[in-house]
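Descriptive analysis of the structure
Listed below, chain by chain, are the residues.
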Amino acid sequence: MASAASSTLQAASMQPRPMPAGHRVGPNAIIQTREALDAICGSEMRRTLFAAAGLGRWQEHDPDHLVDAGDVQALSAAIARALPSRKAERVLSMAGGLTGGYILANRIPPFAQRLLRALPARCALPVLLMAVKRHSWTFAGAAPVTCGADWRGRGWIIIEDNPLCAGRAGFERCIWHEAVFKRLFSELVSPGVTVQETACTGGGQPSCRFDIRLSAR
Ligand SMILES: [Zn+2]
């Protein structure tokens, strides 16, 4: 009985968690997804998906303020529902890469970028992680974010109850976040860096965890 109860409890704990409400995130989560949809699927499909997500107001005009995380989730869910899974993943991956590019161009000063590129990768890693934490509102709203790195050059970013969790919008994992972080860390720390989500609130975990590994070189 004890083992049956324990497995029932375990199964219950792995159910998808309800979406947290009230988070505001950077508008690029919408703007760059629109760019990616236009590039990969064409503007007609993009219009259909924005309309399906209730985001007609941003078909032609960029939001110029923080957006509700629920709107981003609605768009991700519309993409997951309408597109074949590989294509849907490409859209989120491209949108994440473009968002990383926006952060590089607008949020990290050029002198800081030069400094990071000049540092050995194992030293640059924790410095960039601190900067990522400072700007976590752009990709995690008000959710608690913890970052860290060990002496072997392995870093991690943990978003508690991730309000932009693609895993809760119909994707296998948080592809958009992986792509945002990959763009930042590959450009400023090491070109061979890998970023992989190893726990996801979409799978019933309390947080989304992203592991960052420097290249084997
Ligand atoms: Zn996740």
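Residues numbered from 1 in each chain as written. Predicted model: local features only at pLDDT ≥ 70, side-chain atom pairs only at ≥ 80, totals over all residues. Heavy atoms only, no water.

Quick word on the packing of aromatic side chains
Test applied: When the centres of two rings from Phe, Tyr and Trp lie within 6.5 Å, Trp using its six-membered ring, the rings pair. Their planes under 30 degrees apart give stacked, over 60 give edge-to-face, and anything left gives tilted. Only DSSP runs of H or I covering at least 4 residues are called helices, and only runs of E covering at least 2 are called strands; the numbering of each starts at the N terminus. Throughout, exposure labels follow a simple rule: accessible area from a 1.4 Å probe, protein chains only, divided by the maximum for the residue type, with under 20% read as buried, over 50% as exposed, and the rest as partly exposed. Either the NZ atom of lysine or the CZ atom of arginine qualifies as a charge over a ring when it sits within 6 Å of the ring centre and within 35 degrees of the ring normal.
Going through the model one piece at a time under the given rule, you end up with 2 aromatic pairs. On the numbers, 5.3 Å between centres and 75 degrees between planes, the contact of Phe181 with Phe210 is edge-to-face. Of this pair, Phe181 sits in helix α9 (residues 175-188) while Phe210 is found in strand β6 (residues 207-213), placing the two residues 29 residues apart along the sequence. The two residues Phe181 and Phe210 agree in class, both being buried. Through a chain of ring-to-ring contacts, three or more aromatic side chains come together here, namely Phe139, Phe181 and Phe210. A cation over an aromatic ring shows up here: Arg57 above the ring of Trp58, its NZ or CZ 4.2 Å from the ring centre.

Description of the confidence of the model for the chain
As a note on interpretation, predicted positions should not be read in detail where pLDDT is low. Our working rule: Values of pLDDT, the confidence the predictor places in each residue, fall between 0 and 100. Should any heavy atoms of two residues lie within 4.5 Å, those residues are considered in contact.
Overall, the prediction assigns the chain a mean pLDDT of 89, with 89% of residues at 70 or greater. Contacts for the low-pLDDT stretch residues 1-16, under 50 throughout, to residues beyond four places or in other chains number 6 contacts.

Examining the packing of helix α4 (residues 69-82) against helix α5 (residues 85-106)
Two measures define how a pair of helices packs: the angle their axes make with one another and the distance between the axes. For clarity, the cut-off: To get an axis, a line is fitted to the C-alpha atoms, and for a helix only the part in contact is used. The angle between two axes follows their N-to-C directions and goes from 0 to 180 degrees. For this classification, under 35 degrees means roughly parallel, over 145 means roughly antiparallel, 65 to 115 means roughly perpendicular, and everything else is oblique. Whether a crossing is left-handed or right-handed is set by the direction in which the near helix is turned from the far one by less than a right angle, anticlockwise for left-handed and clockwise for right-handed. In this count, Pro and Cys sit with the nonpolar residues alongside Ala, Val, Leu, Ile, Met, Phe, Trp and Tyr, while Asp, Glu, Lys and Arg are called charged and the others, Gly among them, polar.
Close contact between α4 and α5 brings their axes to 8 Å; oriented N to C, the two are set at 150 degrees. Classed by the angle they form, the pair α4 and α5 counts as roughly antiparallel. Along this stretch, α4 crosses α5, giving a crossing that reads as right-handed. Contacts between α4 and α5 involve Ser76, Ile79 and Ala80 from the former and Ala88, Val91 and Leu92 from the latter. Split into classes, the residues belonging to the contact of α4 with α5 amount to 5 nonpolar, 1 polar and no charged.

Let's talk about the sheet that holds strand β5 (residues 194-199)
Note the following rule: At least two DSSP bridges between two strands are required for those strands to pair.
Taken in spatial order, the 4 strands line up as β3-β4-β6-β5 in an open sheet, and their pairing is antiparallel. In this open sheet, the two strands that pair with only one neighbour each are β3 (145-149) and β5. Averaged over neighbouring strand pairs, the angle between their axes works out to 20 degrees when direction is ignored. Helix α7 (residues 121-134) rests against β3, β4 (154-160) and β6 of the sheet, and its axis sits at about 175 degrees to β3. Against the sheet, α9 touches β4, β5 and β6, its axis set at about 150 degrees to β5.

Some points on the pattern of salt bridges
Note the following rule: For this document, the term salt bridge refers to a Lys or Arg side-chain nitrogen within 4 Å of an Asp or Glu carboxyl oxygen.
Taken as a whole and assessed by the stated rule, the structure comprises 11 salt bridges. Of the charged contacts in the structure, one is a salt bridge between Glu60 and Arg47, with a shortest N-O distance of 2.6 Å. Linking Glu60 in the loop between α3 (43-52) and β2 (67-68) with Arg47 in helix α3, this pair joins segments that are 13 residues apart in sequence. With relative accessibility at 46%, the residue Glu60 sits in the partly exposed group. For the salt bridge of Arg183 with Glu187, the shortest nitrogen-to-oxygen distance reads 2.7 Å. Linking Arg183 with Glu187, this pair stays in helix α9, spanning 4 residues, or about one helical turn. The exposure class assigned to Arg183 is partly exposed, which follows from its relative accessible area of 30%. One connected set of salt bridges, linked through shared partners, spans Asp38, Arg46, Arg47 and Glu60.

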